[in-house]
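Structure at a glance
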Amino acid sequence: MIPANWTLLEDGEAVALEARDRILAAASEAIHNRGCFRLVVAGGRTPERTYNLLAAATSEWERWELYFGDERCLPADHPERNSVLVEQTLGSKVPIPQHLIHPMEAELGPGEAAARYSEIVTDALPFDLVLLGMGEDGHTASLFPDHPSPDGQLVCAVHDAPKPPPERVSLTPKALVNSRNILFLITGETKRQAVTAWLDGIQLPASQIAVEGTHEVLIDRAAAPYP
Ligand code: 6PG
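1. Section: the sheet that holds strand β4 (residues 70-72)
- Strands sit in the order β4-β8-β7 across an open sheet of three strands; the sheet is antiparallel. The open sheet has two free edges, formed respectively by β4 and β7 (155-158), since each of these has just one partner strand. With direction set aside, neighbouring strand axes in the sheet form an average angle of 15°.
- Note that β7 and strand β8 (residues 168-171) share four bridges and pair antiparallel. Looking at β8, one finds that Val155 is bridged to Leu171.
- Sheet strands touched by helix α4 (residues 110-124): β7 and β8. Its angle to β7, the strand with the most contacts, is close to 165°.

2. Overview of the side chain of Thr172
- Along the chain, the position of Thr172 falls in the loop between β8 and α5 (173-176).
- If we ignore the near neighbours within four places in the chain, the residues touching Thr172 are Leu143, Ser149, Gln153, Leu154, Val155 and Cys156.

3. Here's the deal with the site of the ligand
- By nearness alone, 16 residues border the ligand, and Thr46, Asp70, His139, Ala141 and Lys163 come closest of all.
- A distance of 3.1 Å separates an oxygen atom of the ligand from a polar side-chain atom of Arg168.
- Out of a free accessible area of 420 Å², the ligand has 92% covered by protein chains.
- For the ligand, the cavity whose grid points lie within 2 Å of the majority of its atoms is the largest pocket.
- The residue makeup of the shell around the ligand, split by class, is two nonpolar, eight polar and six charged.

4. Some words on the layout of surface pockets
- Its volume calculated, the largest pocket comes out at about 280 Å³.
- Class assignment for the residues of the lining of the largest pocket results in five nonpolar, nine polar and seven charged.
- By volume, the second largest pocket amounts to about 210 Å³.
- His147, Pro148, Ser149, Pro173 and Gln208 are, among the 18 residues lining the second largest pocket, the residues nearest its centre.
- Secondary-structure elements contributing two or more residues to the lining of the second largest pocket are α5 and α7 (205-208).
- Among the residues making up the lining of the second largest pocket, the classes are represented as eight nonpolar, seven polar and three charged.

5. Considering the pairing of strand β3 (residues 64-68)
- The element β3 is largely enclosed, with a buried count of five among its five residues.
- Residues Trp64, Leu66 and Phe68 of β3 are buried on one face, and the alternating residues Glu65 and Tyr67, pointing to the opposite face, are buried as well.
- As paired elements, strand β2 (residues 37-41) and β3 share five bridges and run parallel to each other. Bridge pairing in β3 places Val41 opposite Phe68.
- The parallel pair β2 and β3, bridged by helix α2 (residues 48-55), forms a crossover whose chirality is right-handed.
- Pairing geometry for β3 and strand β5 (residues 101-102), over two bridges, is parallel. Among the inter-strand pairings, Leu66 is bridged to a residue of β5, identified as Ile101.

Conventions adopted
Residues numbered from 1 in each chain as written. Predicted model: local features only at pLDDT ≥ 70, side-chain atom pairs only at ≥ 80, totals over all residues. Heavy atoms only, no water. Pairing = 2+ DSSP bridges. Helix = DSSP H or I, 4+ residues; strand = E, 2+ residues; numbered from the N terminus. Axes fitted to C-alpha atoms, helices over the stretch in contact; angles between N-to-C directions. Contact = heavy atoms within 4.5 Å. Near = heavy atom within 4 Å. Polar contact = N/O pair within 3.5 Å; in protein donor to acceptor, adjacent residues only side chain to side chain. Areas by Shrake-Rupley, 256 points an atom, 1.4 Å probe, with all protein chains shown as cover. 1 Å grid on protein atoms, 1.4 Å probe; cavity = no way out; pocket = protein on both sides within 12 Å on 5 of 7 lines; lining within 4 Å. Sits in = over half its atoms within 2 Å of the grid points. Nonpolar A, V, L, I, M, F, W, Y, C, P; charged D, E, K, R; others polar. Points joined across faces, edges and corners; volume = space filled by probe spheres on them. Buried < 20%, exposed > 50% of the residue type's maximum accessible area, 1.4 Å probe, protein only. Right-handed = clockwise from strand over helix to strand, strands pointing away.

This is the structure:
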């Protein structure tokens, strides 16, 4: 049994299609009511198909503002950068004004990049939608188990991430929960153990962001707990 705000879908493609629809709906509401749509994009590979589907959709793209949940401390053009994935799949395909896409300057190193991004996030809150993935250990963005992020900060430097590369920059829970909507995309059997732990009430970085009444989870059968 999964919670009411979780949606179980057949496979990764169904998750991507539903995620596209929910993101477009959130964009339409935000633009209609507030004149812009402030989206925090997720890193990793899970959201790639969702970004491809968004790129083929219609929206008032000039009203979109993209922020990043986290970034790997690699050169700005490195193929493993989250900013490169988002640029290749979405940013280069739709007319979101370049000055409204806010990559983390993670190439400067965790500390400098976190300090600079904190100023950008301060002016952006509250977000309209935060998109998040979840790792096999229950991490989300670059918030990892047994790696507490500093209280009171919006952006943190990560120096010893268990998932390579070790140096990263991440929004903290304080920033991630400051959003009208939070949407997790979780697919694949490698996530099943973490999903089961989450539903068993074990505290995970991902479940820490699951604000009552604000978060939704799209999950496929492969990642869902055994019945
Ligand atoms: C990152 C991501 C990370 C990711 C999860 C899931 O930079 O690595 O932000 O939090 O969302 O590790 O990754 P996959 O979607 O590739 O499984």
